[in-house]
Amino acid sequence: MSEVTGTNYLECLLKSWQAKPIESLSWLNQLRAQAIDRVSTQKLPTKRDEEWRFTDISPLTTLPYRPSQPDVNLRIQDIQHLFLDEVKNRLVFVDGYYSLQLSAVANPALVIGNLPALLSTHASILESHLGQYARFDQNVFTALSTAFLRDGAVIIAPRNTVIADPIHVIFIATQHEVTSYPRCLLIGESGSQITLIEDYVALQEAAYITNAVTEVSLAGNARAQHIRIQRESTQAFHFANCAVALAHASHYQSVSITQGARISRHNLDVRLTDEAAECTIDGLTLISGHQLADTHTCIDHSKPNGTSHQQHKCIADDTAHAVFNGKIIVRPHAQRTNSSQSSRNLLLSKTAQVDTKPQLEIFADDVKCAHGATVGQLDPEEIFYLRSRGLSEKAARNLLTYAFGAEIINRIPVISLKQQLAQTVLEQTQSN
Amino acid sequence: MIIENSPTILSVQGLRASINGTEILKGIDLTVKSGEIHAIMGLNGSGKSTFSKVLAGHPSYEVTGGTIQFEGKNLLELPPEERARAGLFLAFQYPIEIPGVANTQFLRLAYNTVQAQRGKEELDPLEFDDFVREKMKLLEMKPDFLDRSVNEGFSGGEKKRNEILQMALLEPKLSVLDETDSGLDIDALKIVANGVNRLTNKDNATILVTHYQRLLDYIVPDFVHVMQAGRIVMTGGKELALELETRGYDWITANKQQDAGVSA
Ligand SMILES: Nc1ncnc2c1ncn2[C@@H]1O[C@H](COP(=O)(O)OP(=O)(O)OP(=O)(O)O)[C@@H](O)[C@H]1O
Ligand SMILES: [Mg+2]
């Protein structure tokens, strides 16, 4: 095995990608070529980079993570436990590769499928959206994803169409010491409504890298609910870049749950590009052991009358380390912006750590911006109240920890998923 | 009601307790027998809530002297949850809000814990739902309080009703109601008092902490105690509350000083 470390790591990664598929579409080839170009001019971030100062990813480069191969034989019964009652359309990707057998596509009212299959039928809409929001000039992970662009979930909610049943996109990790590149594109045409569940799961404890990129574009008056569950192996590295563009009076609701990975980094960039757009961004990080979970969000108001509400919560146990950096930009023209952000954090042990930082950059004068951050332990008065009703101290602590997280989980608009997660959180908070 | 030869439920002797090194309770003596209703009155800061919380086992208070016997057990040896399971109930002066825990989940957990302790049957969510709705009728509470988070956003009066609902579910041996009447409107006061009256019987006992005679019109106490600076300084029948209503507390202080003067 060749030694892949430090500076030449990216080079080696690029070289290892032998099967660069040549598409007949020149725009796609061009996009990839640009991205490859960008990879070669960038470096992996280190703790010296301001944006990465809490997150040391050097362990990543000590293992020769090859690109994953499309060669596993997962059966439907292996993943059935992940299925949700409400879902009629499901796209399943195994180590980044689309699995036709495991997927189910049933709704003729929307466009849904794997990227290569839609390239010929939906070339122009894909060309105008794919790679346009998740910018790769500043981000080496997005650049890598775009350079390696192949399979990907594509969902298009057509004009004025309400898709009542949620779309479930499952990215399953099965291989050791590989890197996979999950990719997702959601396009909500004007007046459409849709719910997307993006689900990252591992079927076993293994070390691997997930480098995920998701793009969401909502046209005028479109609405989307976007749920993101990261439940990777606790040995895995998970890097995710999600970029969202919101047009006039569109409405975006996002709930992100981070439970897995040894080291994870989730960037969520939401741009309110036109007037009266609205977003609600909620997040819950629930980690223990040696896990590190870093969430960076950026909500960028560039036009008037925008609204954004954000609540992020972290629960850290043992020696886990949670990071939340919430940037809110209100540009000069974005008058009458109404924005709120709250970061609440719960430390369950003396050695757990949370770094939370609101970052407000406000250039308009007529705005309402509220923000607050707290880091604390469980409230002794709440514990006493529960004990005075007969609950043991442990049961009381568990219930309160669960409740702290449940506030975010309860925002998930899909009942079966909400129950599934509530159950795992309940179990997780009762394990120690 | 005062019953002859009725068994003692609570016996407090010379109880002293402090918080952060400040002594708040300075020697409390109190005996409560089965069937009795006791009222404890006294100025703000005299130690009524402290006494209630020490009874319930609040870990912030350090008991520095005295004893508490509850149904023959040494209460001070028990952690709060075991006191609750043994049949002690405190309705908080300021009930705690617990966002994220559905009231019904909390009530069922508490109910089942206590039931299990008593060797009785636990209820599943459906059975419990029927059961708790019946109890809520007693207090004229709307069923949507079940789905909301524990006390979160409840008005002051709604919180107090939720406390009494818990009392109704747990069927304690001894209930300590710390200013359950404060913040209730007249109608709510009647409803809550009526609820409490229906829960009291010859086999349990109640301690009412209150500032107002008004409550005692509805729940008639057998004894009224006056607390001052961490001690019970005077005990009488229900007419003592009326006297306090008209005369205030000054005369007691005067009396006490006189007493002290005599005994010194
Ligand atoms: N942490 C603390 N440190 C110091 N003193 C305290 C602390 N907590 C309570 N006290 C004091 O203990 C005294 C008794 O308080 P307590 O709440 O028991 O009074 P109370 O009789 O219930 O009053 P109220 O009628 O206003 O409810 C008060 O003087 C209060 O300031
Ligand atoms: Mg008090």
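Considerations on the overall build of chain B
- Looking only at helices and strands, chain B features nine helices and 12 strands.
- In terms of C-alpha radius of gyration, chain B reaches 19 Å, essentially the compact-globule figure of 18 Å for 264 residues.
- For chain B, the C-alpha atoms occupy an extent of roughly 65 × 40 × 40 Å along the three principal directions.
- The 264 residues of chain B split such that 53% are buried.
- A separation threshold of at least 6 residues defines the contact pool for chain B, and within that pool the share at least 24 residues apart is 70%.

Thoughts on the overall build of chain A
- Helix and strand counts for chain A stand at nine helices and 21 strands.
- Taken over C-alpha atoms, the radius of gyration comes to 21 Å for chain A, in line with the 22 Å a tight globule of 432 residues would show.
- The principal-axis extent of the C-alpha atoms belonging to chain A is close to 70 × 55 × 45 Å.
- Sorting the 432 residues of chain A into buried and exposed places 59% on the buried side.
- Contacts in chain A between residues far apart in sequence, at least 24 positions, make up 83% of those at least 6 positions apart.
- Of the charged side chains in chain A, 37 are positive and 43 negative; the average position of the first set lies 1 Å away from that of the second.

Here we look at the packing of aromatic side chains
- Within this structure, the stated rule accounts for 14 aromatic pairs over all chains.
- Summarising the aromatic geometry, the rings of Phe171(A) and Tyr200(A) are spaced 5.0 Å apart at their centres and angled 15° between planes, so their arrangement reads as stacked. Of this pair, Phe171(A) sits in strand β6 (residues 167-173) while Tyr200(A) sits in strand β9 (residues 193-202), and the two are 29 residues apart along the sequence.
- Given the relative accessible area of 4%, Phe171(A) is considered buried.
- Taking relative accessible area as the criterion, Tyr200(A) reaches 1% and is therefore assigned buried.
- A centroid spacing of 4.9 Å and a plane angle of 70° characterise the contact between Phe145(B) and Phe154(B), whose relative ring orientation is edge-to-face.
- When its relative accessible area of 5% is taken as the criterion, Phe154(B) is described as buried.
- An aromatic cluster is defined as three or more aromatic residues linked by ring pairs; in this entry it consists of Phe93(A), Tyr98(A), Phe171(A) and Tyr200(A).
- The ring of Phe83(A) is capped by Arg90(A), whose NZ or CZ atom sits 3.5 Å from the centre of that ring.
- The positively charged end of Arg247(B) is found above the aromatic ring belonging to Trp251(B), 4.3 Å away from the centroid.

Examining the interface of chain B and chain A
- If you look at the interface, chain B gives 32 residues, while chain A gives 17 residues.
- Summing the contributions of chain B and of chain A, the shared interface buries around 2,000 Å²; its carbon and sulfur component is 66%.
- For chain B, the biggest contributors to the area lost against chain A are Glu81(B), Phe92(B) and Ile96(B); these three give 23% of the whole.
- The tally of links from chain B across to chain A stands at two salt bridges.

Description of the sheet that holds strand β10 (residues 205-209) of chain B
All names here are of chain B.
- Taking strand neighbours across the sheet as the criterion, the six strands line up as β6-β9-β10-β3-β11-β12 in an open arrangement whose pairing is mixed. The open sheet has two free edges, formed respectively by β6 (88-91) and β12 (231-236), since each of these has just one partner strand. Along the sheet, successive strands turn relative to each other by an average axial angle of 20°, direction set aside.
- Summarising the sheet, strand β3 (residues 37-42) and β10 pair through four bridges and their orientation is parallel. Looking at β10, one finds that isoleucine 40 is bridged to valine 209.
- Across the face of the sheet, helix α1 (residues 48-56) comes into contact with β3, β6, β9 (174-178), β10 and β11 (223-228) while running at roughly 145° to β6.

Topic: the site of ligand 1
Residues and elements named next belong to chain B.
- The full set close to ligand 1 counts 14 residues, and Gly45, Lys48, Ser49, Thr50 and His211 are the nearest of them.
- At 3.1 Å from an oxygen atom of ligand 1 is found a side-chain nitrogen or oxygen belonging to glutamine 93.
- About the coverage of ligand 1: the protein hides 64% of its 650 Å² of free accessible area.
- In terms of residue count, α1 provides more of the shell around ligand 1 than any other element does, three residues in total.
- Residues of the shell around ligand 1, tallied by class, amount to three nonpolar, nine polar and two charged.

Let's talk about the confidence of the model for chain A
- Per-residue confidence for chain A averages 91 on the pLDDT scale, and 95% of its residues sit at or above 70.
- Within the model, pLDDT remains below 50 along residues 1-6 of chain A, and this stretch shows eight contacts once partners closer than five positions in the same chain are excluded.

Quick notes on the packing of helix α5 (residues 156-170) of chain B against helix α6 (residues 186-199) of chain B
Residue and element names in this part refer to chain B.
- Taken N-terminus to C-terminus, the directions of α5 and α6 make an angle of 15°; their axes are 10 Å apart at the nearest point. By the criterion of interaxial angle, the relationship of α5 to α6 is roughly parallel. Between α5 and α6 the crossing geometry is left-handed. Where α5 abuts α6, its residues Arg161, Ile164, Met167 and Ala168 lie against Ala188, Ile191, Val192, Val196 and Leu199.

With respect to helix α2 (residues 26-41) of chain A
All names here are of chain A.
- Taking 1.5 Å as the rise per residue, α2 with 16 residues should run 22 Å; its terminal C-alpha atoms sit 23 Å apart, in good agreement.
- Among the residues making up α2, those that are buried are Trp27, Leu28, Leu31, Arg32, Ala35 and Val39. Here the buried residues of α2 occupy an arc of 135° about the axis, which is enough to place them on one side. Of the exposed residues in α2, the ones pointing more than 90 degrees away from its buried face are Ser26, Gln30, Asp37, Ser40 and Thr41.

Basis of the calculations
- Going along each chain's sequence as written, the residues are numbered from 1 onward.
- A letter from A marks each chain and a number from 1 marks each ligand, given out in the order of writing.
- The model is predicted, so local features are restricted to residues of pLDDT at least 70 and side-chain atom pairs to those at 80 or more, both for listing and for counting; the totals for chains, interfaces and linings are taken over all residues.
- No hydrogens and no water enter the side-chain calculation; it runs on all heavy atoms of the structure.
- Strands here mean DSSP runs of E at least two residues long; helices mean DSSP runs of H or I at least four residues long; both are numbered from the N terminus.
- It is over C-alpha atoms that the radius of gyration is taken, and the globule rule equals 2.2 Å times the number of residues to the power 0.38.
- When accessible area is computed with a 1.4 Å probe and restricted to protein chains, residues below 20% of their type maximum are described as buried, those above 50% as exposed, and intermediate ones as partly exposed.
- By definition, residues are in contact when any of their heavy atoms lie within 4.5 Å.
- Under this rule, positive means Lys or Arg and negative means Asp or Glu; His and the chain ends count for nothing.
- The atoms used to mark charge sites are NZ of Lys, CZ of Arg, CG of Asp and CD of Glu.
- Two rings from Phe, Tyr or Trp (for Trp, the six-membered ring) form a pair when their centres sit within 6.5 Å of each other. Planes less than 30 degrees apart are called stacked, planes more than 60 degrees apart edge-to-face, and all others tilted.
- Lysine and arginine charges are scored as sitting over a ring when NZ or CZ, respectively, is within 6 Å of the ring centre and within 35 degrees of the ring normal.
- A 1.4 Å probe defines the accessible area here, and the buried area is the portion of it lost by two parts on being joined, summed over both.
- By salt bridge we mean one thing: a side-chain nitrogen of Lys or Arg within 4 Å of a carboxyl oxygen of Asp or Glu.
- Two strands make a pair as long as DSSP finds a minimum of two bridges between them.
- To define axes, lines are fitted to C-alpha atoms, for helices over the stretch in contact only, and angles between the resulting N-to-C directions are given on a 0 to 180 degree scale.
- One heavy atom suffices: a residue is near a molecule or strand as soon as one of its heavy atoms comes within 4 Å of it.
- The term polar contact refers here to a pair of N or O atoms within 3.5 Å; inside protein, the definition further demands a hydrogen-donor-capable atom paired with an acceptor-capable atom, and it admits residues adjacent in sequence only when both atoms are side-chain atoms.
- Per-residue accessibility takes into account occlusion by the displayed protein chains alone, with areas from the Shrake-Rupley method and a 1.4 Å probe.
- Classification convention: Asp, Glu, Lys, Arg as charged; Ala, Val, Leu, Ile, Met, Phe, Trp, Tyr, Cys, Pro as nonpolar; all other residues, Gly among them, as polar.
- What pLDDT conveys is the predictor's confidence in a given residue, as a value from 0 to 100.
- Angle categories are assigned with fixed cut-offs, so that under 35 degrees is roughly parallel, over 145 is roughly antiparallel, 65 to 115 is roughly perpendicular, and the rest are oblique.
- For a crossing to be left-handed, the near helix must be turned anticlockwise from the far one by less than a right angle; the clockwise case is right-handed.
- Multiplying 1.5 Å by the residue count of a helix minus one yields the expected span of that helix.
- Here the arc refers to the directions that run from the helix axis out to each C-beta atom.

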